[in-house]
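# Remarks on the overall topology
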Amino acid sequence: MENVLLQCITIFFISMVPFLEVFLTVPTAIIVFNFPPLIALIVAILGNAISVLLFVFFGAEINNLFHSVYNKFRKGDRRHVEINPRIKRTFDRFGATGVCFLSSILFSSQVGAGAITTLGASRHKVFIWTTLGVSTLAVVMATLSVVAEGFISSLVKL
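Residues numbered from 1 in each chain as written. Predicted model: local features only at pLDDT ≥ 70, side-chain atom pairs only at ≥ 80, totals over all residues. Heavy atoms only, no water.

### What about the overall build of the protein chain?
The condition that has to hold: Counting from the N terminus, the helices are the DSSP runs of H or I reaching at least four residues and the strands are the DSSP runs of E reaching at least two. Throughout this description, buried means an accessible area under 20% of the type-specific maximum (1.4 Å probe, protein chains only), exposed means over 50%, and partly exposed covers the range between. The criterion used for residue contact is that any of the two residues' heavy atoms lie within 4.5 Å. Note on areas: Shrake-Rupley with a 1.4 Å probe; residue coverage comes only from the protein chains shown. All tallies of charge rest on Lys and Arg as positive and Asp and Glu as negative; His and the ends of each chain are not included. Lys charges are placed at NZ, Arg charges at CZ, Asp charges at CG and Glu charges at CD.
Broken down by element type, the protein chain carries six helices and zero strands. Across its three principal axes, the protein chain shows a C-alpha extent of roughly 65 × 35 × 30 Å. Looking at the protein chain as a whole, 34% of its 158 residues are labelled buried. For the protein chain, the share of sequence-separated contacts (at least 6 apart) that also reach a separation of at least 24 residues comes to 74%. When the accessible surface of the protein chain is summed, it comes to about 9900 Å², and 72% of that surface belongs to carbon and sulfur atoms. Here the protein chain carries 12 positive and 7 negative side-chain charges, and the mean point of each set is 11 Å from the other.

Now the structure itself:
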């Protein structure tokens, strides 16, 4: 029982790490720890959702802190750094919903949620759409993990 709890905690906290998220945790939970896919999905999505929630609510503050530290160490001109035009164009083209939903595939759900929040999107909508995007990706990863595990098992039994 202790081992299963430790495995759940490991999956939960690794799913909070940007760029690892459900790409690593769902297959690890299903293939390595032998969790049922539904349990793996729940633990990984909850861990990621909590970290996204932190980035949504503190993303603007983290961005301001980064820029203030950046401006202190920058020599010369100390003007405010503008938003990257490419990010702004993508935001204008797909909207907050599209960017939030696709952020876990394109880069990281936490980074995407924090960035979209700093662009002025609703924190509530950012959290919901990012979590839906992560959930969709987690289901795809779970399906691929189950299929891959079955395929490898059939090869090994030959």
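### Brief notes about the packing of helix H3 (residues 37-73) against helix H5 (residues 109-118)
Short version of the rule: Structural elements are reduced to axes, namely lines fitted to C-alpha atoms, with helices fitted over the stretch in contact, and the angle between N-to-C directions of any two is expressed from 0 to 180 degrees. Should an angle fall under 35 degrees it is called roughly parallel, over 145 degrees roughly antiparallel, and 65 to 115 degrees roughly perpendicular, with every other angle called oblique. Note on convention: near helix rotated counterclockwise from far helix by under a right angle means a left-handed crossing. Clockwise means right-handed. Side-chain classes are defined by residue name, with Ala, Val, Leu, Ile, Met, Phe, Trp, Tyr, Cys and Pro counting as nonpolar, Asp, Glu, Lys and Arg as charged, and the others, Gly among them, as polar.
Remark: H3 packs on H5, axes separated minimally by 8 Å, with the N-to-C direction vectors making an angle of 40°. When the axes of H3 and H5 are compared, the pair comes out oblique. H3 and H5 meet at a crossing whose hand is right-handed. Listed contacts from H5 to Asn48, Ser51, Val52, Phe55, Val56, Gly59, Ala60 and Asn63 of H3 are Ser109, Gln110, Ala113, Gly114, Thr117 and Thr118. Looking at the contact of H3 with H5 residue by residue, the class counts come to five nonpolar, nine polar and no charged.

### Observations concerning the packing of aromatic side chains
Cut-off, in case you're wondering: The pairing test for Phe, Tyr and Trp rings, Trp by its six-membered ring, is centres within 6.5 Å, and the orientation test on the planes gives stacked under 30 degrees, edge-to-face over 60, and tilted for anything in between.
According to the stated counting rule, one finds three aromatic pairs in the structure shown. An angle of 45° between the planes, with centres 6.0 Å apart, marks the rings of Phe33 and Phe35 as tilted. Ring geometry for Phe101 against Trp129: centres 6.4 Å apart, planes inclined by 70°, an arrangement best described as edge-to-face. Linking Phe101 in helix H4 (residues 85-106) with Trp129 in helix H6 (residues 123-156), this pair joins segments that are 28 residues apart in sequence.

### Thoughts on the side chain of Ser51
Note on placement: Ser51 falls in helix H3. Overall, the relative accessible area of 3% leaves Ser51 in the buried class. Those residues within four positions of Ser51 in sequence are excluded, and the remaining contacts are Ser15, Met16 and Gln110.

### Looking at unusual backbone geometry
Phi is positive for Glu21, close to 35°, though the residue is something other than glycine. Assessed through its relative accessible area of 1%, Glu21 is described here as buried.

### Quick notes on helix H2 (residues 21-32)
Applicable threshold: Any helix carries an expected span of 1.5 Å times its number of residues minus one.
With twelve residues, H2 should cover 16 Å at 1.5 Å per step; its first-to-last C-alpha distance of 16 Å lies within 8% of that length. For H2, the complete set of buried residues consists of Glu21, Val22, Thr25, Val26, Pro27, Ala29 and Ile30. Of the residues trailing H2, Asn34 is marked for its positive phi of about 60°.

### Observations regarding the nonpolar core
The following threshold applies: Throughout, nonpolar core names a set of buried Ala, Val, Leu, Ile, Met, Phe, Trp, Tyr and Cys residues whose side chains join them through atoms within 4.5 Å.
Grouped together as the largest cluster of nonpolar side chains are 16 residues, with contacts concentrated most on Val22, Val26, Leu41 and Ala138. For this core, the secondary-structure elements that each account for two or more residues are H2, H3 and H6. Here Leu41 is in contact with Val26, Ala138, Val139 and Ala142, once residues within four sequence places are set aside. Val99, Cys100, Ala113 and Ile116 belong to the second-largest nonpolar core, a separate cluster that totals ten residues.

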